[in-house]
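# Descriptive structure summary
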Amino acid sequence: MDGAAPEGRLADNVVYFARALRRAGLRTGPAETLDAIAALRLGGIGSREDVFWTLHAVFVHRREDSAVFSEVFASFWRSRQIVEKMIALFSGQAPARPAERKAGARRADDALAGESSSRQAPKDKPVLDVDARFTMSADDLLRRKDFAQMTAAELDEARRAVRRLRLAGDERRTRRHRPNPRGARIDLRETLRASARTGGDLLLPHWRVPKRQPPPLVVLADISGSMSQYSRLFLHFFHAVTARRRRVHTFLFGTRLTNVTRELARRDPDEAVDRSAAAVQDWSGGTRIGEALEAFNKQWSRRVLSGGAIVLLVTDGLERDDTALLEGEMERLHLSTRRLIWLNPLLRFDQFAAKAKGMRAMLPYVDEFRPVHSVASLQALCDALAEDRSGSRTQSPREWLNRPAQA
């Protein structure tokens, strides 16, 4: 058998595989594709695991992409039995059966469906016209859809929608003043300065009004393994808020606390999110909420919580350690803020009940308890921040302590 033919088929299949990975959301390009082909030729093909880890080392650059890569690899190479043919050609060894599909399966299916449609000629299919005048539009469905259930294309649309969200109308009165001819208070200093310019002949009053500006916004976001399906999309939202609002401070925590305020200040959203993820050493790891809050209260609270700051605590509340530390630090954080809002993606479930010890330790010290799992929930958060609800709450977070799970 001619040796050039297998290499040619190998190169073509790696190219198609790289395109499938790109459709699934991984950042692959011509450079990675050429490196993958060269790595397979140099390293050889001894087993299915050899092919998997060789391509994994080339194409996977982020920890959260590993699960998607595994599913695309299993579906792509298994459906075509390409690995089996290459192993039989080069070594004659029988490959092992692929593992069962887990996380990222849906994105892998969409990527492979797009790949197969690009390689095959389109066929005419009957068109079904549906009268959707009394149903939800595609945009409404996307806004309400859970981030964890979205495909790769829907996640791209969600990122663009999240970047368009606005925080407006949440300005509050400060102690500083600014000149205003219709002000209620006289600006004595400016009045005397203007009089000195005319030699004291004219004494025309100047007026002033209190300045109004948005309060500081502090974000404490959980990036542990249980929050990995939402972390990167939340970072896009925080970047959009940082780009349009002053005095926004963002901290990420898993087993330790990391300040990513400077990283999110980058103008390009993708670069800002990548730099923020790179700055965190415990991405998709464990969770120690109490220790993270203790580090924030001791090192950062006096620097960033002045001026009536609003704190957004984004976590599922699944604390691994003893809750005594968590309860004390939550109380301290609550006393240091003007408004403490807990955003929990687990609230998307109708049967949710605050049974975990971490949740029960945190709920007494938050002002609002909100779901955060979709574009619509983020929009509701923006609307809530635009209003001063310090005097009127729709539901006290303490009510969740006695709420039983629905059947």
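These remarks concern the structure in this document. (Residues numbered from 1 in each chain as written. Predicted model: local features only at pLDDT ≥ 70, side-chain atom pairs only at ≥ 80, totals over all residues. Heavy atoms only, no water.)

### Quick look at the packing of aromatic side chains
- Tallying each qualifying case throughout the model produces 13 aromatic pairs.
- When the ring of Phe 52 is compared with that of Phe 73, the centres are 5.1 Å apart and the planes differ by 85°; the resulting orientation is edge-to-face. Of this pair, Phe 52 sits in helix H3 (residues 48-59) while Phe 73 sits in helix H4 (residues 66-80), and the two are 21 residues apart along the sequence. Across this residue pair, the class does not change: Phe 52 and Phe 73 are buried.
- Members of the aromatic cluster, connected to one another through ring pairs, are Phe 17, Phe 52, Trp 53, Phe 59, Phe 69 and Phe 73.
- Residue placement shows Arg 303 over the ring face of Trp 300; its charged tip is 4.7 Å from the ring centre. (Phe/Tyr/Trp six-rings, centres within 6.5 Å; stacked < 30°, edge-to-face > 60°. Helix = DSSP H or I, 4+ residues; strand = E, 2+ residues; numbered from the N terminus. Buried < 20%, exposed > 50% of the residue type's maximum accessible area, 1.4 Å probe, protein only. Lys NZ or Arg CZ within 6 Å of the ring centre and 35° of its normal.)

### Brief notes about the pattern of salt bridges
- For the structure shown, the criterion picks out nine salt bridges.
- For Arg 266, the salt bridge identified is with Glu 271, shortest N-O distance 3.9 Å.
- Residue Glu 294 pairs with Lys 298 through a salt bridge whose shortest N-O separation is 3.1 Å. Remark: Lys 298 and Glu 294 occur in helix H13 (residues 289-299); sequence separation between them is four residues, near one turn of the helix.
- For Glu 294, a relative accessible area of 22% gives the class partly exposed.
- On the basis of relative accessible area, Lys 298 is assigned to the exposed category, the value being 57%.
- Salt bridges sharing partners connect three or more residues here, namely Arg 27, Arg 232 and Asp 274. (Salt bridge = Lys/Arg side-chain N within 4 Å of Asp/Glu carboxyl O.)

### Considering the packing of helix H2 (residues 30-43) against H3
- Running from N to C, H2 and H3 point in directions that differ by 150°, and their axes come no closer than 9 Å. Comparing their axes, H3 and H2 come out roughly antiparallel. Remark: the crossing between H2 and H3 carries right-handed chirality. Along the contact surface, H2 presents Glu 32, Thr 33, Asp 35, Ala 36, Ala 39 and Leu 40, while H3 presents Val 51, Thr 54, Leu 55, Val 58 and Phe 59. (Axes fitted to C-alpha atoms, helices over the stretch in contact; angles between N-to-C directions. Parallel < 35°, antiparallel > 145°, perpendicular 65-115°, else oblique. Left-handed = near helix turned anticlockwise from the far one by under 90°. Contact = heavy atoms within 4.5 Å.)

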